[in-house]
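The chain contents come next:
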Amino acid sequence: MKLFSSVKDVTDVNQLVSEAIKLKANPFADEQLGKHKTLGLIFLNPSLRTRLSTQKAAMNLGMQVMVMNMDKEGWALETQDGIIMNGTTVEHIREAAGVMGEYCDIIGIRSFPGLKDRDEDYSELIFNKFVQFCGVPVVSLESATRHPLQSLADLITIEELKTTAKPRVVLTWAPHVKPLPQAVANSFAEWMNKADYDFVITHPQGYDLAPEFVGNAMVTNNQDEALAGADFVYVKNWSSYQDYGKILSDGDGWMMTNEKLKLTNNAGVMHCLPVRRGLELSHEILDGPNSLVLNQANNRVWAAQAVLKMCLTHTLSS
Ligand code: AN0
Ligand code: CP
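Everything numeric in this text was worked out from a predicted model, so none of it was measured.

Conventions adopted
- In every chain, residue numbers begin from 1 and rise along the written sequence.
- Starting at A for chains and at 1 for ligands, labels are handed out in the order in which the entities are written.
- A pLDDT threshold of at least 70 governs which residues receive local features in this predicted model, and a stricter bar of 80 or more applies before side-chain atom pairs are shown or counted, although totals over entire chains, interfaces and linings include all residues.
- Remark: hydrogens and water are excluded; side-chain values derive from all non-hydrogen atoms of the structure.
- For the domain bounds, the source is a domain assignment made automatically or taken from a database.
- Buried area is a sum: the accessible area each of two parts loses on coming together, probed at 1.4 Å, counted once for each and added.
- Salt bridges are counted wherever a side-chain nitrogen of Lys or Arg sits within 4 Å of a carboxyl oxygen of Asp or Glu.
- Pairing of N or O atoms within 3.5 Å defines a polar contact, subject to two protein rules: one partner must be a possible hydrogen donor and the other a possible acceptor, and residues neighboring in sequence count only if both atoms are side-chain atoms.
- Each helix is a run of DSSP H or I of at least 4 residues and each strand a run of E of at least 2, with the numbering of both proceeding from the N terminus.
- The classification used treats Ala, Val, Leu, Ile, Met, Phe, Trp, Tyr, Cys and Pro as nonpolar, Asp, Glu, Lys and Arg as charged, and all other residues, Gly among them, as polar.
- DSSP bridges decide pairing: two strands pair if at least two such bridges lie between them.
- The residues that make up patches have over 30% relative accessible area and no salt bridge, and they are joined within 9 Å when like-charged or within 5 Å when they are Val, Leu, Ile, Met, Phe, Trp or Tyr.
- Here the Shrake-Rupley method, with its probe set to 1.4 Å, supplies the accessible areas, and only the displayed protein chains count as covering residues.
- For every residue, the accessible area (1.4 Å probe, protein chains only) is compared with the maximum for its type, and the residue is labelled buried under 20%, exposed over 50%, or partly exposed between those bounds.
- Working convention: axes come from line fits to C-alpha atoms, limited for helices to the stretch in contact. Angles between N-to-C directions cover 0 to 180 degrees.
- Here a residue-residue contact requires only that any non-hydrogen atoms of the pair lie within 4.5 Å.
- We define proximity as follows: a residue is near a molecule or strand when any one of its heavy atoms falls within 4 Å of that partner.
- Cavities and pockets are defined on a 1 Å grid built over the protein atoms alone: a cavity is a set of grid points where a 1.4 Å probe fits but cannot escape, while a pocket is an open set with protein on both sides within 12 Å along at least five of seven lines, and lining residues are those with an atom within 4 Å of any such point.
- Placement in a cavity or pocket follows one criterion, namely that more than half of the molecule's atoms lie within 2 Å of its grid points.
- Grid points are joined across faces, edges and corners, and a volume is the space filled by probe spheres set on the points.

1. Focus: the domain arrangement of the protein
Link 1 in the chain: Under the domain assignment used here, the protein contains domain 1 (3-146 + 300-317) and domain 2 (149-297).
Link 2 in the chain: Each of domain 1 and domain 2 was reduced to a C-alpha centroid, and the two centroids are 25 Å apart.
Link 3 in the chain: Overall, the association of domain 1 and domain 2 removes approximately 2,600 Å² of surface from exposure, summing both partners, and the carbon and sulfur fraction of that is 67%.
Link 4 in the chain: Looking only at domain 1, the three residues that lose the most surface to domain 2 are Leu115, Tyr122 and Arg300, adding up to 27% of its buried area.
Link 5 in the chain: The tally of links between domain 1 and domain 2 comes to 3 salt bridges.
Link 6 in the chain: Applying the counting criterion to the domain 1 and domain 2 interface returns 11 residue pairs in polar contact (both at pLDDT 80 or more).
Link 7 in the chain: Sorting the residues of the side of domain 1 that touches domain 2 by element identifies helix H1 (13-25), helix H2 (49-60), helix H5 (118-122), strand S7 (138-140) and helix H13 (293-312) as the ones contributing at least two each.
Link 8 in the chain: Each residue belonging to the side of domain 1 that touches domain 2 can be placed in one class, and the counts come to 18 nonpolar, 5 polar and 10 charged.

2. Details of the sheet that holds strand S6 (residues 106-110)
Hydrogen bonds along the backbone pair up the strands of a sheet, which may run parallel or antiparallel.
Link 1 in the chain: What the 5 strands build is an open sheet, ordered S1-S7-S6-S2-S3; its pairing is parallel. Strand pairing shows two members of the sheet lacking a second neighbour, strand S1 (3-4) and strand S3 (64-69), which therefore form its edges.
Link 2 in the chain: As paired strands, strand S2 (residues 38-43) and S6 are joined by 5 bridges and run parallel to one another. The residue of S6 that forms the bridge with Leu41 is Gly108.

3. Points about a nonpolar patch on the surface
Link 1 in the chain: A surface patch of nonpolar side chains, amounting to about 300 Å² of accessible area, comprises Met66, Val99 and Tyr103.
Link 2 in the chain: Assessed through its relative accessible area of 55%, Tyr103 is described here as exposed.

4. Some details on the sheet that holds strand S12 (residues 268-270)
Link 1 in the chain: With parallel pairing, the 5 strands of this open sheet are ordered in space as S10-S9-S8-S11-S12. For this open sheet the edge positions go to strand S10 (218-220) and S12, each flanked by a neighbour on one side alone. Adjacent strand axes in the sheet meet at a mean angle of 20° when their direction is disregarded.
Link 2 in the chain: Relative to S12, strand S11 (residues 232-236) runs parallel, the two being bridged by 3 bridges. Within S12, the position partnered with Tyr234 by the bridge is Met270.
Link 3 in the chain: Sitting on the sheet, helix H7 (residues 148-161) is in contact with strand S8 (168-173), S11 and S12, with an inclination near 160° to S11.

5. Examining unusual backbone geometry
Link 1 in the chain: Between Leu273 and Pro274 the backbone carries a cis peptide bond, its omega angle lying at 5°.
Link 2 in the chain: Residue position: Pro274 is located in the loop between S12 and helix H12 (283-286).
Link 3 in the chain: Even without being a glycine, Asp196 presents a positive backbone phi close to 60°.
Link 4 in the chain: With respect to the helices, strands and loops of the structure, Asp196 is situated in the loop between helix H8 (183-195) and strand S9 (198-202).
Link 5 in the chain: Phi at Leu273 is positive, roughly 65°, even though this residue is not glycine.
Link 6 in the chain: For Leu273, the location among the structural elements is in the loop between S12 and H12.

6. Brief notes about the site of ligand 2
Link 1 in the chain: Within the structure, ligand 2 sits among Ser47, Leu48, Arg49, Thr50, Arg110, His147, Gln150, Cys272, Leu273 and Arg300.
Link 2 in the chain: Within the side chain of Gln150, a nitrogen or oxygen atom sits 3.0 Å from a nitrogen atom of ligand 2.
Link 3 in the chain: In the model, an oxygen atom of ligand 2 is placed 3.1 Å from a nitrogen or oxygen of the Arg300 side chain.
Link 4 in the chain: Considered on its own, ligand 2 offers 250 Å² of accessible surface; in the complex 93% of this is hidden by protein.
Link 5 in the chain: A molecule is said to occupy a pocket when more than half its atoms come within 2 Å of that pocket's grid points, and by this definition ligand 2 occupies the largest pocket.
Link 6 in the chain: Looking at the shell around ligand 2, its residues break down into 3 nonpolar, 4 polar and 3 charged.

7. Here's the deal with the layout of surface pockets
Link 1 in the chain: Its volume calculated, the largest pocket comes out at about 560 Å³.
Link 2 in the chain: For the largest pocket, the lining is made up of 28 residues, of which Arg110, Phe112, Glu142, Leu180 and Pro274 are closest to its centre.
Link 3 in the chain: Elements with a minimum of two residues in the lining of the largest pocket: H2 and H8.
Link 4 in the chain: A per-class count over the lining of the largest pocket returns 14 nonpolar, 6 polar and 8 charged.
Link 5 in the chain: When residues are assigned to domains, the lining of the largest pocket turns out to be shared by domain 1 (3-146 + 300-317) and domain 2 (149-297), each giving three or more.

Next up, the structure:
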């Protein structure tokens, strides 16, 4: 089955980035490709960017789009196999995914982790069941452990703006009031490791990401050391992987500010959004010349368009 959930699902990442940049210059070049094809976007969690950018990308390719807010408008989904459904769930994911596959040529699905059971979250239960039972290509709109369309947009943004072949890219943890998934950070790390940059991850103790995502990145608990000479700083909160789903401290002093920007090589500052102003990132950075958050949001369209084009032309590797 064809799917896009990880950098590993892409045969040639450089080619995918070039494709996205080409589509950005000429958005309607393939407007016949998706004619009479339907994209179904299924959301089990909220979204602004993913929903609109993927919809826009599909429209640029001439596709029809159906959006379903499953969490609010669908039947309560059962995901466990073999159980007697005499509780609150109404419809099993086997039937729900199968039915949607009947109506759609490509399905995109967003399903956040529960942040209670690490093994269940990291087994990608819901995403994988959709892949198994819907019978059409599936694109992750952020799953329990990854957010590949975001990471591709982030990679495009860095490729467009880098001034050296191997920029120093720093992923820094930031404070937040709610326990958030590790998905954006995991995925960013996975794509950065693939890109052969000078990639550094910094976070307080207890926030190490899963080793399979850290890869060969340099990891330090000293944020100042990480930021020294950075060309790009990617700011993101995540909850603990070790003490799964927990917030371990208030993260005082970890917010990215103009003062910290002085340590960098006048770095571009990135965030996937939505961002908590004055908590994760300072107002001055978000409103200042170093912020790349709108460049990233813009590139979500071209990332999605390149991936949908890949699905339509059957060039996904897995
Ligand atoms: C989500 C997360 O951190 O995974 C979605 C980010 C795109 N963020 C929040 O829930 C704030
Ligand atoms: N960055 C991102 O995925 O935003 P949404 O959650 O609003 O889709």
